[in-house]
Amino acid sequence: MFVSDFRKEFYEVVQSQRVLLFVASDVDALCACKILQALFQCDHVQYTLVPVAGWQELETAFLEHKAQFRYFILINCGANVDLLDILQPDEDTIFFVCDTHRPVNVVNVYNDTQIKLLIKQDDDLEVPAYDDIFRDDEEDEEHLGNDSDGSEPSGSEPSEKRTRLEEEIVEQTRRRRQRREWEARRRDILFDYEQYEYHGTSSAMVMFDLAWMMSKDLNDMLWWAIVGLTDQWVQDKITQMKYVTDVGILQRHVSRHNHRNEDEENTLSVDCTRVSFEYDLRLALYQHWSLHDSLCNTSYTAARFKLWSVHGQKRLQEFLADMGLPLKQVKQKFQSMDISLKENLREMIEESATKFGMKDMRVQTFSIHFGFKHKFLASDVVFATMSLLENPEKDGSGTDHFIQALDSLSRSNLDKLYLGLELAKKQLRATQQTIASCLCTNLVISQGPFLYCSLTEGTPDAALFSKPVSLNLLSRHLLKSFVYSTKNRRCKLLPLVMAAPLNAEQGTVTMVGIPPETDSSDRKNFFGRAFEKAAASTSSRTLHNHFDFSDHCLRRPSLSSRCRSCLQAGSSQAQSRPGPGWCRFTPRAVAPAGRSCLRCVRVMELKAEDRSKFLDALVSLLS
Amino acid sequence: MFCEKAMELVRELHRAPEGQLPAFNEDGLRQVLEEMKALYEQNQSDVNEAKSGGRSDLIPTIKFRHCSLLRNRRCTVAYLYDRLLRIRALRWEYGSVLPNALRFHMSAEEMEWFNHYKKSLATYMRSLGGDEGLDITQDMKPPKSLYIEVRCLKDYGEFEVDDGTSILLKKNSQHFLPRWKCEQLIRQGVLEHVLS
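Worth saying up front: this structure is predicted, and the values here are computed from it rather than measured.

## Notes on the overall build of chain A
- The secondary structure content of chain A amounts to 24 helices and 17 strands.
- The burial tally for chain A puts 57% of its 623 residues in the buried class.
- In chain A, of all internal contacts separated by at least 6 residues, the share reaching a separation of at least 24 is 75%.
- Entry remark: accessible area of chain A is about 26100 Å², with carbon and sulfur atoms responsible for 49%.

## Concerning the interface of chain B and chain A
- Each partner contributes to the interface: chain B provides 22 residues, whereas chain A provides 22 residues.
- Contact between chain B and chain A buries roughly 1900 Å² in total, counting both sides, with carbon and sulfur atoms accounting for 45%.
- Summed over the three residues of chain B that lose the most area to chain A, namely B:Asn172, B:Gln174 and B:Phe176, the buried surface amounts to 33% of that side.
- Remark: the boundary between chain B and chain A carries 3 salt bridges.
- Looking at the side of chain B that touches chain A, the elements with two or more residues in it are strand 1 (147–152), strand 3 (166–169) and strand 4 (174–178) of chain B.
- Sorting elements by how many residues they give to the side of chain B that touches chain A places strand 4 of chain B first, with 5 residues.

## Digging into helix 6 (residues 179–188) of chain B
Residues and elements named next belong to chain B.
- The complete set of buried residues in helix 6 reads Arg179, Cys182 and Leu185. Taken down its axis, helix 6 places every buried residue within 125° of arc, on the same side.
- Of the surrounding elements, those touching the buried residues of helix 6 are strand 1, strand 2 (157–160), strand 3, strand 4 and strand 5 (191–193).
- Just downstream of helix 6 lies Gly189, where phi reads positive at about 90°.

## Some thoughts on the packing of aromatic side chains
- The full count for this structure, using the stated rule, is 23 aromatic pairs over all chains.
- Taking the centre distance of 5.1 Å and the plane angle of 85° together, the rings of A:Tyr286 and A:Phe334 count as edge-to-face. Of this pair, A:Tyr286 sits in the loop between strand 8 (274–281) and helix 12 (291–297) while A:Phe334 sits in the loop between helix 15 (327–331) and helix 16 (339–343), and the two are 48 residues apart along the sequence. An identical accessibility class is assigned to A:Tyr286 and A:Phe334; each is buried.
- For the ring pair B:Phe24 and B:Tyr79, a centre distance of 6.4 Å and an interplane angle of 35° mean the geometry is tilted. Separated by 55 residues along the polypeptide, B:Phe24 in the loop between helix 1 (4–15) and helix 2 (26–53) and B:Tyr79 in helix 3 (residues 59–94) bring together distant segments of the chain.

## Some points on the packing of helix 9 (residues 203–213) of chain A against helix 11 (residues 240–257) of chain A
Residues and elements named next belong to chain A.
- Here helix 9 crosses helix 11 at 40°, and the two axes come no closer than 12 Å. Here helix 11 runs oblique to helix 9, going by the angle between their axes. Crossing geometry of helix 9 relative to helix 11 is assigned as left-handed. Every residue of helix 11 that contacts helix 9 at Met205, Phe208 and Trp212 is listed here: Asp246, Ile249, Leu250, His253, Arg256 and His257.

## Digging into the sheet that holds strand 8 of chain A
Residue and element names in this part refer to chain A.
- Here we have 3 strands laid out as an open sheet, ordered 8-9-10, and antiparallel in their pairing. Because the sheet does not close on itself, it has two edges, and the strands there are strand 8 and strand 10 (374–377). With direction set aside, neighbouring strand axes in the sheet form an average angle of 30°.
- Pairing analysis gives 4 bridges linking strand 9 (residues 362–370) to strand 10, with the strands arranged antiparallel. Of the residues in strand 10, the one forming a bridge with Ile368 is Phe376.

## Quick word on the environment of A:Gly78
All names here are of chain A.
- Along the chain, Gly78 turns up in the loop between strand 3 (71–75) and helix 4 (83–87).
- Through-space distance from the C-alpha of Gly78 to that of Val104 is 8.9 Å; in sequence the pair is 26 residues apart.
- When residues no more than four places from it in sequence are discounted, the contact partners of Gly78 are Trp55, Leu83, Val97, Asp99 and Asn108.

## Some remarks on the sheet that holds strand 3 of chain A
- Read from one edge of the open sheet, 8 strands run 6(A)-4(A)-3(A)-1(A)-2(A)-4(B)-1(B)-5(B), paired in mixed fashion. Since the sheet does not close on itself, it has two edges, and those belong to strand 6 (115–117) of chain A together with strand 5 of chain B, each with one partner. The sheet shows a mean angle of 25° between the axes of neighbouring strands, taken without regard to direction.
- Contacts from helix 2 (residues 27–43) of chain A reach strand 1 (19–23), strand 2 (47–51) and strand 3 of chain A together with strand 1 and strand 4 of chain B within the one sheet, and its direction differs from that of strand 3 of chain A by about 145°.
- The strands touched by helix 19 (residues 398–408) of chain A are strand 1 and strand 2 of chain A together with strand 1 and strand 4 of chain B; relative to strand 2 of chain A, the strand with the most contacts, the crossing angle is about 120°.

## Describing the packing of helix 1 of chain B against helix 2 of chain B
Residue and element names in this part refer to chain B.
- Where helix 1 contacts helix 2, the axes come no closer than 8 Å and their chain directions differ by 150°. Here helix 1 is positioned roughly antiparallel relative to helix 2, judged by the angle of their axes. In terms of crossing hand, the pair formed by helix 1 and helix 2 is left-handed. Listed contacts from helix 2 to Lys5, Ala6 and Leu9 of helix 1 are Gly28, Leu29, Gln31, Val32 and Glu35.
- Considered class by class, the residues forming the contact of helix 1 with helix 2 number 4 nonpolar, 2 polar and 2 charged.

## Quick word on the pattern of salt bridges
- Evaluation of the coordinates by the stated rule reveals 30 salt bridges over all chains.
- Between B:Lys171 and A:Asp400 there is a salt bridge, with its nearest N and O atoms 3.8 Å apart. Highlighted residues: B:Lys171 in the loop between strand 3 and strand 4 and A:Asp400 in helix 19, drawn from two different chains.
- For A:Asp400, a relative accessible area of 24% puts it in the partly exposed group.
- In this structure, B:Asp57 and B:Arg55 form a salt bridge, with 3.5 Å as the shortest nitrogen-oxygen distance.
- For B:Arg55, a relative accessible area of 37% corresponds to the partly exposed category.
- Where salt bridges share partners, they join A:Glu278, A:Asp280, A:Arg346 and A:Lys375 into one cluster.

## Considerations on the side chain of A:Lys116
- Among the secondary structure elements, A:Lys116 is positioned in strand 6.
- Not counting the four nearest positions on each side in its chain, A:Lys116 is found in contact with A:Met1, A:Val3, A:Ile94, A:Phe95, A:Phe96 and A:Val97.

## Considerations on the nonpolar core
Residue and element names in this part refer to chain A.
- One finds Phe22 and Trp223 to be the most contacted residues of the largest nonpolar core, which totals 118 residues.
- Contact partners of Phe22, with chain neighbours within four places excluded, come to Val50, Val52, Leu58, Ala61, Phe62, Phe72, Ile73, Leu74, Ile75 and Cys77.
- Among the nonpolar cores identified, the runner-up in size contains 26 residues, and Leu281, Tyr300, Leu325 and Ile349 belong to it.

Each value, and the rule that gives it
- Residues numbered from 1 in each chain as written.
- Chains lettered and ligands numbered in written order.
- Predicted model: local features only at pLDDT ≥ 70, side-chain atom pairs only at ≥ 80, totals over all residues.
- Heavy atoms only, no water.
- Helix = DSSP H or I, 4+ residues; strand = E, 2+ residues; numbered from the N terminus.
- Buried < 20%, exposed > 50% of the residue type's maximum accessible area, 1.4 Å probe, protein only.
- Contact = heavy atoms within 4.5 Å.
- Areas by Shrake-Rupley, 256 points an atom, 1.4 Å probe, with all protein chains shown as cover.
- Buried area = accessible area lost by both parts, 1.4 Å probe.
- Salt bridge = Lys/Arg side-chain N within 4 Å of Asp/Glu carboxyl O.
- Arc of directions from axis to C-beta.
- Phe/Tyr/Trp six-rings, centres within 6.5 Å; stacked < 30°, edge-to-face > 60°.
- Axes fitted to C-alpha atoms, helices over the stretch in contact; angles between N-to-C directions.
- Parallel < 35°, antiparallel > 145°, perpendicular 65-115°, else oblique.
- Left-handed = near helix turned anticlockwise from the far one by under 90°.
- Pairing = 2+ DSSP bridges.
- Nonpolar A, V, L, I, M, F, W, Y, C, P; charged D, E, K, R; others polar.
- Core = buried A, V, L, I, M, F, W, Y, C linked by side-chain atoms within 4.5 Å.

The following block contains the structure:
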């Protein structure tokens, strides 16, 4: 059920208890976790923090800890699956779920006792009504029982009995027909509800709101909320409208916390944190890099200039010349550029960019400032933390990277943040190089209803792209660049499925599905369902481990086209599964290894053998 | 020269860094005591001779030997006392059970003294703070907070908390626990205090 008063029904309940926090591996979850940790430390709530990267880890960790805790808080995981079914908790365990994944599973919504959703209800949730989905089977069984009692033969008055019997039979068939209609309607409703996946308000903002309600909010927490929101924007998880609205909300908080800087006489010392609203360029990391590098490695500019071609490089030179920036200045570190050039840089770039067809060069964002040297934009921190989380270095386990990324968000660990910035630069460069090579060697092929691209194992930086978020970013940028590179109008509206090698020994690949690129896209992704159905029908060995259902792991070899027929048969079957007695939608029954939750990016792990048959199945499913 | 051995003892202790207890130098102490005995006997005979024989030219020698005897005594007492102070500090640092290595460095009498000290301290602590007593060897400096954030560096297993329930300490999990429960594990290196 949805929690209406966060303070009373959530915070005051856990304040006197020990809680276990399960935190997913993305930047928004990390920020929400930091805010919640700060609140807990303020109030001396004993907690344990366990990082989880996927469903399997969540289940194992839950099994290990379930004897010791009664209250569990899940951040950015768990809203879109039937939690009780997957985790099988005890009767008195209570889960608080703060998750951006939508649609929220109906069982989670309508469970009154064990699952409390920390989700604001003014998000466009559109949960189907209770009566449309759940229904007591008992009254039906009673009626059937009565009918069967009534139909016992007793030969005394055969004519009366016969008419009564006929009436009862008519009654039964009518009821059965009603029930069938109801079930068909229910299937449709649930299919519509769960067809597309998307994301809601950032968890970090939800937590900040809670802190604000309790008047315990600080500038630091506000900054974390900003980073969480910016992460959603960087990964294209929310629409532009929602981003602008949320920025407006945060801007009010920023001016409330940081108004002292505007007063000339009573300014704070330089070492204090200052957060300020900026209408800044959307070039990634440009203040920590050279302007030239930033222009080449931001997907927005790289796609529109078409920097993978020689012609594109020339256009870039024209652009710089148009602004009057000498090449030598532009190629050196931003901080060492001439002050005279830096003064009106933003306006100059915006003007020239509009001339070259890039109207949204500037974007509303925030920056943080402390000490003389340290100034970061929100997107800088997002990129740095993301790279730390998905660091391809093998010497640490996944949780080591999580801890490092979590630490980098504190102001006292600036060395980790700078390390993250260096890693982010590498990642952005690698992304653009891979995109350039894919486009130049025409690796993006049209499979009919979608585009398909596959990274072979020998690709440089393939290790970097085996992680879901990096692969997701790569795929999105690739699609954007492809849209600009191709002349085929039909291809511009197609979605993209991307495969990257995951583990050479096990022969697995990761597959990602990206929705088509349109101007007014509402960021809803249908690939989760599609992947599940295709996987189920072709019985590929897949692993749906990531909280985003659009990530799949497949085994590499063979998929034969025999599965095409299976797919069509499977698709109608894959929708609902009423259990005995209690009519409940159990997504588990849909696909053997999958959940029917949809998530914005489809990432899946797949055995490489099954890749081609999986693709065939997907083609026939989507056409 | 006289008093060299005694100086050796003092120097040895002076060289050992603060808080460390070097092994009990029984040999050195014995040599110093033997030297003192020899000096005393020589002085004894000379005093008798000076009294009876009237040899007043022996008096400076007697005085000199007496001074060396006093010096030797002062050095040995300083040595023994400093060792006791170090042993007392060990109780505050390590708790009531000392590691074996340190126990070998102490003589039997020092061990006995340590036990007596432990008992006195325990009686005193029990007399404070009502029924339960107060453990004053925790928290040498005033703590900044009751609870601290710790991170687990290796898999430790289950760890019991106040209300009887236990926490599973797995690698890279973070916990927010009362300070005094964690101190032991922090010293062992299982947990790490996270300063944010």
